[in-house]
Amino acid sequence: MKKFVLPLLLTCMSAHTAQAENIVRWAVAADIPTLDPYAFASTTALTFQNHIYEGLLQRDNDLKLQPTLALRWEYVNDTTLRFYLRQGVKFQNGDDFDSADVVASIARVTDPDSGIRANASTIKDAVAVDKYTVDIHLKQKSGIALNELSGVMMMDKEWMTQHNALKPTSMSQGTEGYATNNTNGTGPFMLVSRQREAQMVLKKNPTWWNAAHSQTNIDEIIFKPITSDATRLSGILANEYDLVTSVPLQDIDRLRKDDNIQTLVSPSLRVDFLTFNLRDTLNAGNVNGKNPLKDLRVRQALMMAVNREAIVQKIMRGMTTVANTYLAPAIPGYDVSHAIDLKFDPAKAKTLLTEAGYGDGFKLAFDCVEGSYMNAPQWCQAVQSYWAKIGVKATLTMHTNSVYNQITDNGKTDIAVLGWANLPIMDAYSISVQLLHTNDNSGFGMFNVPRYSNPKVDSLIEQSIPELDDAKRVSLLRDEINLAQADLPYMPMHFEPVVWVAGKKLSVKQSPDNVVRLWYAKVSP
Amino acid sequence: MLSYLIKRLVQVVFLMLAVAFISFTMFQYLGDPVNNMLPESATQAEREALRGKLGLTDPMLMQFWRFVVRLCHGDFGISYYNQVDVFHLILERLPATLELVAVAVVISLLVGFPLGVWSAISKNRFLLSLVQFLSLLGVSLPSFLMGILLIIVFSVWLGWFPSSGRGVTTHLGYWSTGLLSLSGWRSIVLPALSLSLFMITLIMRLVRSEMLEVMRTDYIKFAKARGLPTRSLYFRHALRNALLPVVTIVGLQIGGLIAFAIVTETVFQWPGMGLLFIQAINYVDIPVISAYLVFISLIFIVINTSVDLLYYLIDPRMKKS
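Being a predicted model, the structure only gives us computed values, none of them experimental. (Residues numbered from 1 in each chain as written. Chains lettered and ligands numbered in written order. Predicted model: local features only at pLDDT ≥ 70, side-chain atom pairs only at ≥ 80, totals over all residues. Heavy atoms only, no water.)

Asks: So what's going on with empty space enclosed by the protein? Which residues, and what values?
Replies: All names here are of chain A. Applying the stated criterion across every chain yields a total of one cavity of 30 Å³ or more. Of the volumes computed, that of the largest cavity is approximately 30 Å³. Contributing to the lining of the largest cavity are Thr325, Tyr326, Leu327, Tyr334, Asp335, Ile481, Asn482 and Gln485. Taken together, the residues of the lining of the largest cavity sort by class into four nonpolar, three polar and one charged. (1 Å grid on protein atoms, 1.4 Å probe; cavity = no way out; pocket = protein on both sides within 12 Å on 5 of 7 lines; lining within 4 Å. Points joined across faces, edges and corners; volume = space filled by probe spheres on them. Nonpolar A, V, L, I, M, F, W, Y, C, P; charged D, E, K, R; others polar.)

Following this line, the structure appears as structure tokens:
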């Protein structure tokens, strides 16, 4: 019996690998918790799901919005967008894609239990006009509705009805959703198997609407989450993966010496910031009844005291550049002519502090987070020691992510770390509304950790929201961000680098939004 | 015997409740799960609403009471992070961990026992001190370091075994097994070895010291004087009497391995319960953490009870008392 079983198993396994010709083994640091595209607002999850599901419009390899399941769209009036759908598109189970699916998808994504509802904040509902035309109503006039819709992937109404998944999974009701473990999209790849925390296998969708013009020759994707950095690195060295999208910075130099792999490094859209507490009281205690951080000269001095270039070279291993703007260059509204000009100059910093009346220095509560931003614990320590040199004593505390969020939410910190990439909408709207607008507890300034407030900034943001002329809208936001940058509520550190490692045979374009689009990738023989 | 089992059963219930209670008091300090569940742009009101829906704003005793009531109905709740039923989640991960631990225990018994007996009776001084030295290394090397060393040697340099994962698995009803495929066996070797290393040395040192102790006793001397064959002397009389403490320790260790294979599972990306637990802590996944802890306390009790029952088999004196 035994003699018979082993060769049988061996043939089974070899047959399995012979089926697909071009396999891409893709390793990441964490598994996708759920396959439901409306459940979890994480970039990695949406990136992966985008291989299976598609939106009405999507970003291409150059980050431009392109018609996908919709052929074109137009504004019927200020708050109604009409979409003309592509005909002949089929879901992976054979169902047709039509306006009923769009209506069901929009209803599902705007449901109170939807995990990505805030990514569709401007969308009210959708109404079918005919089988291939659909009107999407907006809550108000908005210039970012299309950006938001590019992140809403389309699901199949019949399939959802059949499996009782018309509503997203509700944690409070304690029901498990069918779409958590099963998929049915229109996209270039379809799910073959899923083993949580071990691997997922996707194979080419032979009935993909764009199959004739497909830019990829990948037949199979094996997605492997590997939690431990050291194990992932060993796997790269042992040629177990073709693409790794989370690589520790300190290993890059070593990997570059390996001839079998290519390392791809570029600055991302994410700017890492330090926030200055602008409330009336400092957590570490006021000086003469005042919060020194409220003085612009003090904030400027703190920025000038830090040698950010050295931090980029030593701690970020020279893989990125210092950020002197709140926006990354790829985001509309980026304005290099108004970049913050506060170069490393400890002597000048000291003078500024003395001018402001804090020549003897003061104390700060400095809170840093582990695991959220690249190498943050190290660069927080570096900043702390630079500040100590001009007499500012910051008490640095390191936190895990879940505890850290409570501290920043409750304002129990003077200096905090915050990274902002303006994703998924890729627009200055995001940072303006979330970080720079006054916190009013109704959706504006949700992440305004410093509690920065400038009426001029607020009014420019509010003017930009209903502006449908994109050029005007961007110019309003540009002026607003330049104003805020001059006030310096946040101190920009650097652009967080995107670091990928790929096998020599895989040609894949690394984009600054850190999104993998394997339907544009090719495997060479 | 029956009354003993009933007594144990009552203990089980109280212990599990106590464990659950302690874990609930700790949840207050774990942080806030809501921030991980909502997108960055969610409003304060939406956050509060979700907290309310999940019952996180209620007092701790209230939350604990709800958990116990639901537990009685066999409902463990839905994982905040994975968004699936917690019971299924644990059931899905259990086979991986149990297989890993089983293979590790078999390795450590197969290697540790003979080595222990041999080192108790061998006269080869050089080999003895070498083995003692290696065992010291085995006890003191942390398992994550051992895991990484194994990966570097056997997957990166030699390329014999994969560095992570479980290989091809077969589903037999609820049970998913990797032990029916070659790739499954290749995948289990390194993690099982790294997990068993500590236990090999522990068993070896324990067997050795117990054996040496027993060998000094009078009845062994008399047996020797009566001219019993060495084989039966060592294995029937000495080893059997040295077994009792070894069984206790091995039993406790198995429980520990199941509960705390966390490090090994993380290093080798073994999709078992340890990996699930670490993830649950990171995301403050309260339903998973509480269910896991209750479940682990159950495993510990089951193992300890079986160990106690094993005593009856090994030690005839127990039957009388």
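Asks: Can you tell me about the pairing of strand β12 (residues 261-276) of chain A, naming the residues and giving the values?
Replies: Residues and elements named next belong to chain A. The element β12 is extensively covered by neighbouring structure, given that twelve of its 16 residues are classed as buried. Taken together, the six bridges between β12 and strand β15 (residues 415-420) define a ladder with antiparallel strand orientation. Residue pairing for β15: Phe273 is matched across the bridge by Leu418. (Buried < 20%, exposed > 50% of the residue type's maximum accessible area, 1.4 Å probe, protein only. Helix = DSSP H or I, 4+ residues; strand = E, 2+ residues; numbered from the N terminus. Pairing = 2+ DSSP bridges.)

Asks: For the packing of helix α1 (residues 2-27) of chain B against helix α4 (residues 60-72) of chain B, give the residues involved together with the corresponding values.
Replies: Residues and elements named next belong to chain B. In the contact formed by α1 and α4, the axes pass within 10 Å of each other and the chain directions differ by 140°. Put simply, α1 runs oblique to α4. At the point where α1 passes α4, the crossing takes the right-handed sense. Facing Leu17, Ala20, Phe21, Phe24 and Thr25 of α1, the residues of α4 in contact are Met60, Leu61, Gln63, Phe64, Phe67 and Val68. Of the residues that constitute the contact of α1 with α4, the class distribution is nine nonpolar, two polar and no charged. (Axes fitted to C-alpha atoms, helices over the stretch in contact; angles between N-to-C directions. Parallel < 35°, antiparallel > 145°, perpendicular 65-115°, else oblique. Left-handed = near helix turned anticlockwise from the far one by under 90°. Contact = heavy atoms within 4.5 Å.)

Asks: I'd like a description of the interface of chain A and chain B, backed by residues and values.
Replies: Chain A puts 53 residues into the contact, and the matching count from chain B is 53 residues. Counting every contact that joins chain A to chain B gives one salt bridge. A salt bridge links Glu92 of chain B to Arg196 of chain A, with the nearest nitrogen and oxygen atoms 3.1 Å apart. Summed over the shared surface of chain A and chain B, the result is seven residue pairs in polar contact (both at pLDDT 80 or more). The set of elements that each furnish at least two residues to the side of chain A that touches chain B consists of α1 (2-19), α6 (229-237) and α12 (401-409) of chain A. Here the side of chain A that touches chain B takes six residues from α12 of chain A, the largest share from any one element. Split into classes, the residues belonging to the side of chain A that touches chain B amount to 22 nonpolar, 23 polar and eight charged. (Salt bridge = Lys/Arg side-chain N within 4 Å of Asp/Glu carboxyl O. Polar contact = N/O pair within 3.5 Å; in protein donor to acceptor, adjacent residues only side chain to side chain.)

Asks: Residues and numbers for the environment of Gly185 of chain A, please.
Replies: Residue and element names in this part refer to chain A. Relative to the assigned elements, Gly185 resides in the loop between α5 (157-162) and β8 (189-195). Residue classification places Gly185 among the buried residues on the basis of a relative accessible area of 0%. Taking the C-alpha atoms as reference points, Gly185 and Leu146, 39 residues apart in sequence, are found 21 Å from one another.

Asks: How would you sum up the sheet that holds β8 of chain A? Please name residues and give values.
Replies: Residues and elements named next belong to chain A. With mixed pairing, ten strands are arranged side by side in an open sheet as β8-β9-β10-β1-β11-β16-β12-β15-β13-β14. Each edge of the open sheet is held by one strand with a lone partner, namely β8 and β14 (393-399). Relative to strand β10 (residues 220-225), strand β1 (residues 23-28) is paired through six bridges, and the arrangement is parallel. Within the sheet, the bridge partner assigned to Val28 lies in β10 and is Pro225. Contacts between helix α13 (residues 428-436) and the sheet are confined to β12, β15 and β16 (490-503), with β15 contributing the most and set at about 160° to the helix.

Asks: An account of the pattern of salt bridges is needed here, citing residue identities and associated values.
Replies: All names here are of chain A. Summed over all chains, the structure comprises 22 salt bridges over all chains. With a closest N to O distance of 2.7 Å, Arg232 and Asp229 form a salt bridge. Residue Arg232 and its partner Asp229 are both found in helix α6; the two are separated by three residues, about one turn of the helix. Put simply, Asp280 and Lys294 hold a salt bridge, and the shortest N to O gap is 2.6 Å. In this pair, Asp280 is assigned in the loop between β12 and α8 (296-304) and Lys294 in the loop between β12 and α8, connecting sequence segments 14 residues apart.

Asks: Which residues make up the side chain of Arg51 of chain B, and what are the values?
Replies: Within the secondary structure, Arg51 of chain B sits in helix α3 (residues 44-54). On the basis of relative accessible area, Arg51 of chain B is assigned to the buried category, the value being 13%. The contact partners of Arg51 of chain B, leaving out residues within four places of it in the chain, are Asp409 of chain A together with Asp32, Val34, Leu56 and Thr57 of chain B.

Asks: Break down the sheet that holds strand β6 (residues 123-130) of chain A for me, with residues and values.
Replies: All names here are of chain A. If you trace the four strands from one edge of the open sheet to the other, you get β4-β5-β7-β6, paired in antiparallel fashion. Edge positions in the sheet fall to β4 (70-77) and β6, since each of these pairs with one other strand and no more. The mean angle between the axes of side-by-side strands here comes to 25°, regardless of whether they run parallel or antiparallel. Note that β6 and strand β7 (residues 133-138) share six bridges and pair antiparallel. Pairing of Ala126 across the sheet is with Ile136, part of β7. Where helix α3 (residues 99-109) meets the sheet, its contacts fall on β5 (80-85), β6 and β7, and the angle it forms with β6 comes to roughly 165°.

Asks: Tell me about the state of the cysteines, residues and numbers included.
Replies: Residues and elements named next belong to chain A. The full count for this structure, using the stated rule, is one disulfide over all chains. With a sulfur-sulfur separation of 2.2 Å, Cys368 is cross-linked through a disulfide to Cys380. Taking the sign of the S-S torsion, about 80° here, the bridge from Cys368 to Cys380 comes out right-handed. In this pair, Cys368 sits in strand β13 (residues 363-369) while Cys380 sits in helix α11 (residues 376-389), placing the two residues twelve residues apart along the sequence. Residue class for Cys368 comes out buried when judged on its relative accessible area of 0%. (Disulfide = S-S within 2.5 Å.)

Asks: A description of unusual backbone geometry should follow, citing residues and the corresponding values.
Replies: For the bond from Leu423 of chain A to Pro424 of chain A, the omega torsion is 0°, close enough to zero to count as cis. Among the structural elements, Pro424 of chain A can be located in the loop between β15 and α13. Phi angles above zero are rare outside glycine, and Leu63 of chain A is one such case at about 70°. Structurally, Leu63 of chain A can be placed in the loop between β2 (57-59) and β3 (65-67). Leu63 of chain A gets classed as buried once you look at its relative accessible area, which sits at 12%. Even without glycine at this site, Val284 of chain B takes up a positive phi of about 50°. Of note, Val284 of chain B is situated in the loop between α12 (273-282) and α13 (286-314).

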